[in-house]
Amino acid sequence: MSAKPQIVQWLLDTRPLWPVTKKDKPKDETLYFGLRTRADCSYAARALALLSDEEQASVLKYYHVRDAKMSLGSYLLKHLVVAQYCNISWSQTRLSRTAKGKPCYIPSSTEPNHVSIDFNVSHQAGIVSLIAAIGFDGKVDTGTDVVCINERGSRDKEQIDKSGFFEWVDIHAEVFAESEVSFMKLGPVSLEDLGIHGKTLGYGKDALSRCQCRVGKISLEVKGSDGSENVVVDCNDVIDAKLRRFYAMWCLREAYVKMTGEALLASWLKDLEILDMQAPSAKDNSLGEDSLEPGSISTNFQISFFDNPVTDVKMELEALGKGYMVGGALRTKSAADREKMIIGKWKGLDLEKDVLFVAERNP
């Protein structure tokens, strides 16, 4: 592979992989997924065999097979990016961790001309994301996060129905800056967020911002080329838009924090602010629930740290289908490297063709 500076972005959908029968109990699923099928290449045996004994044990410790699949996918993508871009065999891709616990690859003393690499992975609701910075002159830190808006849908809405959206946001407030909490509660909800396109909002902005219950209707005045009209929107749609904004904010913060090598328990979380964020929208709201069709991309964020503008970080957030969003974050002190850091489209990988074939061809 070329060593020219580049950003690699991969997605692996583990949801359709190694299906289990409905009669299997959760614990039996994981055993069936791993230990009972090592001679059966139609299940996970081939993929598991590509990991070290310690990594296999880490995968098989999960109670639910869906979690084991994401863990396995995460390991596979980390090994794959090192093998492909550091020009080494799969068996040489020994993964380590930094002092802060972030996964990394430390070349051996026999690799004096190794390619610089920094990578990060995330997984949620069956989807695994990886972002990597390859071949840059200076140090580039990477972070990614993927969120599923609907995974906790029924629980989120049950809590909102019980105490209102503002109080629901407050449950998670400890990981957000105060300005972000206020923005998630009262920030403007656009007509586009509500599926109304090509119009501008007349009155009703405050009612949309103050809305925190899913029951009810809000009357709005909208203006278009053919004049003004009154429309009535469902409060449930307004709350859905606010929930999408919340998960977009969560995804961006998680990608940023992971880029630093910290966790969401970092002492400085309240001093990081990401504002002026527009949640990316799905390409088509008629997409099925399983779709990962790329949608819009949000890039223009105002990031500050301890009230100082952050200028050495690039971030993007992309919609995947209706239910997912994936974020990427890159940081470097080098202005020259920053110009080369281009966050592009996320590439979906095929397990058989893009992972297993590569690994088994160059063991």
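Named according to an unreviewed UniProt entry, the protein is holo-[acyl-carrier-protein] synthase originating from Amylocarpus encephaloides.

S.K.: Even after reading the chapter, I still don't get the sheet that holds strand E4 (residues 117-124), so can you show me in this structure?
M.R.: Within the open sheet, the 4 strands sit side by side as E4-E5-E1-E16. Their pairing is mixed. Strands at the two margins of the open sheet, each flanked by one partner only, are E4 and strand E16 (347-348).

S.K.: Where do I start with the pairing of strand E5 (residues 127-134) in this structure?
M.R.: Each regular strand carries side chains that alternate between the two faces of the sheet. For E5, the buried fraction is high: 8 of the 8 residues fall into the buried class. Side chains of E5 alternate between two faces, with Ile-127, Ser-129, Ile-131 and Ala-133 and Val-128, Leu-130, Ala-132 and Ile-134 buried alike. Relative to E5, strand E1 (residues 6-13) is paired through 8 bridges, and the arrangement is antiparallel. The partner of Ile-7 across the bridge, within E5, is Ala-133. Sheet analysis places E4 next to E5, joined by 8 bridges and oriented antiparallel. For Ser-122, the partnering residue across the bridge sits in E5 and is Ser-129. Here E4 folds back onto E5 in antiparallel fashion, the turn holding 2 residues, of which Ala-125 has a positive phi close to 50 degrees.

S.K.: Honestly, the confidence of the model for the protein in this entry has me stumped. Any pointers?
M.R.: Predicted coordinates in regions of low pLDDT should not be interpreted in detail. In this model, the protein carries a mean pLDDT of 89, and residues with pLDDT of at least 70 account for 91%. For residues 35-42, every residue scores under 50 in pLDDT, and the model assigns this stretch 14 contacts once sequence neighbours within four places are set aside.

S.K.: Even after reading the chapter, I still don't get the environment of Glu-192, so can you show me in this structure?
M.R.: Mapped onto the elements, Glu-192 comes out in the loop between helix H7 (178-186) and strand E7 (200-201). It is 40 Å that separates the C-alpha atoms of Glu-192 and Lys-4, two residues lying 188 residues apart in sequence. The residues contacting Glu-192, other than those within four sequence positions of it, are His-197, Gly-198 and Lys-199.

S.K.: Any chance you could explain the pattern of salt bridges here in plain terms?
M.R.: Once the charged atoms of two side chains with opposite charge are near each other, the side chains can pair. Under the counting rule described, the total for this entry stands at 19 salt bridges. With a closest N to O distance of 3.4 Å, Glu-289 and Lys-322 form a salt bridge. Taken together, the residues span a long stretch of sequence, with Glu-289 in the loop between strand E10 (272-275) and strand E11 (294-298) and Lys-322 in the loop between strand E14 (313-320) and strand E15 (324-331) at a distance of 33 residues. The class of Lys-322 is partly exposed, set by a relative accessible area of 25%.

S.K.: When you look at the environment of Gln-6 in this model, what are you seeing that I'm missing?
M.R.: Within the element layout of this structure, Gln-6 appears in strand E1. The sequence separation of Gln-6 and Gly-135 amounts to 129 residues, and the corresponding C-alpha distance is 6.8 Å. Apart from the residues lying within four places of it in its own chain, the contact partners of Gln-6 are Tyr-85, Ala-132, Ala-133, Ile-134 and Phe-136.

S.K.: Quick question: what am I supposed to make of the packing of helix H3 (residues 53-60) against helix H4 (residues 65-85) here?
M.R.: Any two packed helices are characterised by the angle at which their axes cross and by the distance between the axes. It is the contact of H3 with H4, at a shortest axis distance of 8 Å, that shows an interaxial angle of 150 degrees. As the angle between them shows, H3 and H4 are arranged roughly antiparallel. Mapping the contact onto sequence places Glu-55, Ser-58 and Val-59 in H3 and Ala-68, Ser-71, Leu-72, Tyr-75 and His-79 in H4. Its residues placed into classes, the contact of H3 with H4 shows 4 nonpolar, 3 polar and 1 charged.

S.K.: Quick question: what am I supposed to make of the sheet that holds strand E6 (residues 141-148) here?
M.R.: Strand pairing in a sheet is mediated by backbone hydrogen bonds. Such pairs are either parallel or antiparallel. Spatially, the 4 strands line up as an open sheet ordered E6-E15-E14-E11, and their pairing is antiparallel. Across the chains shown, the open sheet's two edge strands, defined by having one partner strand only, are E6 and E11. On average, adjacent strands in this sheet sit at an angle of 20 degrees to one another, irrespective of strand direction. Summarising the sheet, E6 and E15 pair through 8 bridges and their orientation is antiparallel.

S.K.: Is there a simple way to think about the pairing of E6 in this case?
M.R.: The element E6 is extensively covered by neighbouring structure, given that 8 of its 8 residues are classed as buried. By the alternation rule, side chains of E6 split into Asp-141, Gly-143, Asp-145 and Val-147 and Thr-142, Thr-144, Val-146 and Cys-148, which are all buried.

S.K.: Sorry if this is basic, but what is going on with the packing of aromatic side chains here?
M.R.: Applying the stated criterion across every chain yields a total of 9 aromatic pairs. Summarising the aromatic geometry, the rings of Phe-246 and Tyr-247 are spaced 5.1 Å apart at their centres and angled 85 degrees between planes, so their arrangement reads as edge-to-face. A relative accessible area of 9% places Tyr-247 in the buried class. Ring-pair connections join several aromatic residues into one group, and the members of that group are Phe-165, Trp-168, Phe-176, Phe-246, Tyr-247 and Trp-250. Above the ring of Tyr-62, the side-chain terminus of Lys-61 is found at 5.6 Å from the ring centroid. The lysine or arginine in question, Arg-245, covers the ring of Phe-183, its NZ or CZ lying 5.1 Å from the ring centre.

Calculation notes
- Residues numbered from 1 in each chain as written.
- Predicted model: local features only at pLDDT ≥ 70, side-chain atom pairs only at ≥ 80, totals over all residues.
- Heavy atoms only, no water.
- Pairing = 2+ DSSP bridges.
- Helix = DSSP H or I, 4+ residues; strand = E, 2+ residues; numbered from the N terminus.
- Buried < 20%, exposed > 50% of the residue type's maximum accessible area, 1.4 Å probe, protein only.
- pLDDT = per-residue confidence, 0-100.
- Contact = heavy atoms within 4.5 Å.
- Salt bridge = Lys/Arg side-chain N within 4 Å of Asp/Glu carboxyl O.
- Axes fitted to C-alpha atoms, helices over the stretch in contact; angles between N-to-C directions.
- Parallel < 35°, antiparallel > 145°, perpendicular 65-115°, else oblique.
- Nonpolar A, V, L, I, M, F, W, Y, C, P; charged D, E, K, R; others polar.
- Phe/Tyr/Trp six-rings, centres within 6.5 Å; stacked < 30°, edge-to-face > 60°.
- Lys NZ or Arg CZ within 6 Å of the ring centre and 35° of its normal.

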